[in-house]
Amino acid sequence: VYTGSESIQAGLMQAEWVAEALQPEGGKVGILMGPLGHEAAMMRTEGNKQIFAKYDNIEVVMDAEGKWDRAKGMQIAENWIQSGAGLDAIVCNNDEMAIGTLLAAEGANVADEDIIIAGIDATPDALEFLGKGLDVTVFQNMYAQGYNGAAACYKLVNGEAVDKWDWIPFELVTTENMSEYK
């Protein structure tokens, strides 16, 4: 039995929000990825790219491995901002890199309304920054994953049948609904 969330869904959900926020002008996007070869990083990035490819006015112009790390995310975002690439959005595979991106943007005096920053995981730290430079994050329900995994084990031990796959959906978190996640 596998109980968890489909990583690609987080990337799709995140990119859909960002793509809509970039309309009608569209824009240039950078993607900060987790460790190369890590399933979540690969699939979240794939989900991002699938959505952005549907828009003629959105171009992914940069991507880099930030390794889930705030400091690494900050360093990469600083370089991107200083390069003059004119990024309209930086989409991050996790919240730590998104917070690093936010700190880089603040350090370069980039106004909140001039760049969209998106994360994934809806961590407590990220929720503190939501609406203060971080525009959106995606919640991965670890409670439901743990509870459902334990429940499946209990059923199996008692000889009950369970589904092989138990997908827990991701949830979009914005300033409008963030109080539900604190």
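So, a few notes on the structure that sits alongside this text. (Residues numbered from 1 in each chain as written. Predicted model: local features only at pLDDT ≥ 70, side-chain atom pairs only at ≥ 80, totals over all residues. Heavy atoms only, no water.)

## A closer look at the pattern of salt bridges
Right, on to step 1. A complete count under the given rule lists five salt bridges for this structure.
Right, on to step 2. Asp-121 serves as the salt-bridge partner of Arg-44, at 3.4 Å between the closest nitrogen and oxygen. With Arg-44 in helix H2 (residues 39-52) and Asp-121 in the loop between strand S5 (116-118) and helix H5 (124-129), this residue pair connects regions lying 77 residues apart in the sequence.
Right, on to step 3. Residue Arg-44 is classed as buried on the basis of its relative accessible area of 4%.
Right, on to step 4. Since its relative accessible area comes to 22%, Asp-121 is described here as partly exposed.
Right, on to step 5. Arg-70 serves as the salt-bridge partner of Asp-125, at 3.0 Å between the closest nitrogen and oxygen. Within this pair, whereas Asp-125 is found in helix H5, its partner Arg-70 is found in helix H3 (residues 70-82), the two being separated by 55 residues in sequence.
Right, on to step 6. Since its relative accessible area comes to 38%, Asp-125 is described here as partly exposed.
Right, on to step 7. Residue classification places Arg-70 among the partly exposed positions, given a relative accessible area of 25%.
Right, on to step 8. Within this structure, Arg-70, Glu-96 and Asp-125 form a network of salt bridges that share partners. (Salt bridge = Lys/Arg side-chain N within 4 Å of Asp/Glu carboxyl O. Helix = DSSP H or I, 4+ residues; strand = E, 2+ residues; numbered from the N terminus. Buried < 20%, exposed > 50% of the residue type's maximum accessible area, 1.4 Å probe, protein only.)

## Concerning the pairing of strand S3 (residues 58-65)
Right, on to step 1. Summarising the sheet, strand S2 (residues 27-33) and S3 pair through seven bridges and their orientation is parallel. Residue pairing in the sheet places Val-29 in a bridge with Val-60 of S3.
Right, on to step 2. The parallel pair S2 and S3 is bridged by H2, and the resulting crossover is right-handed. (Pairing = 2+ DSSP bridges. Right-handed = clockwise from strand over helix to strand, strands pointing away.)

## What about the sheet that holds strand S4 (residues 89-92)?
Right, on to step 1. Spatial ordering of the open sheet is given by S3-S2-S4-S5, a layout of four strands whose pairing is parallel. Whereas interior strands pair on both sides, the edge strands pair on one side only; in this sheet they are S3 and S5. The mean inter-strand angle of the sheet, taken between neighbouring strand axes irrespective of direction, is 15°.
Right, on to step 2. The sheet contact formed by S2 and S4 spans four bridges and is parallel. Across the sheet, residue Gly-30 finds its bridge partner in S4, namely Ile-90.
Right, on to step 3. Contacting S2, S3 and S4, H3 crosses the sheet at an angle of about 135° to S3.
Right, on to step 4. The strands touched by helix H4 (residues 95-107) within the sheet are S2, S4 and S5, with S5 carrying the most contacts at an inclination of about 155°. (Axes fitted to C-alpha atoms, helices over the stretch in contact; angles between N-to-C directions. Contact = heavy atoms within 4.5 Å.)

## Here's the deal with H2
Right, on to step 1. Over its 14 residues, H2 runs 20 Å from end to end, which matches the ideal 20 Å to within 8%, given 1.5 Å per residue.
Right, on to step 2. If you check which residues of H2 are buried, you get Ala-40, Ala-41, Arg-44, Thr-45, Gly-47, Asn-48, Ile-51 and Phe-52. The arc that holds the buried residues of H2, viewed along the axis, is 155°, so those residues lie on one side.
Right, on to step 3. Residues of H2 that are buried in the fold lie against helix H1 (7-21), S2, S3 and S4. (Expected span 1.5 Å × (residues − 1). Arc of directions from axis to C-beta.)

## A closer look at unusual backbone geometry
Right, on to step 1. Each neighbour pair has its own omega, and for Gln-23 with Pro-24 the value is 10°, a cis peptide bond.
Right, on to step 2. Unlike most non-glycine residues, Lys-67 shows phi in positive territory, near 55°.
Right, on to step 3. Along the chain, Lys-67 turns up in the loop between S3 and H3.
Right, on to step 4. For Lys-67, a relative accessible area of 46% corresponds to the partly exposed category.
Right, on to step 5. Look at Asn-109: it is not a glycine, yet its phi comes out positive at around 60°.
Right, on to step 6. Looking at where Asn-109 falls in the secondary structure, it is placed in the loop between H4 and S5.
Right, on to step 7. Assessed through its relative accessible area of 71%, Asn-109 is described here as exposed.

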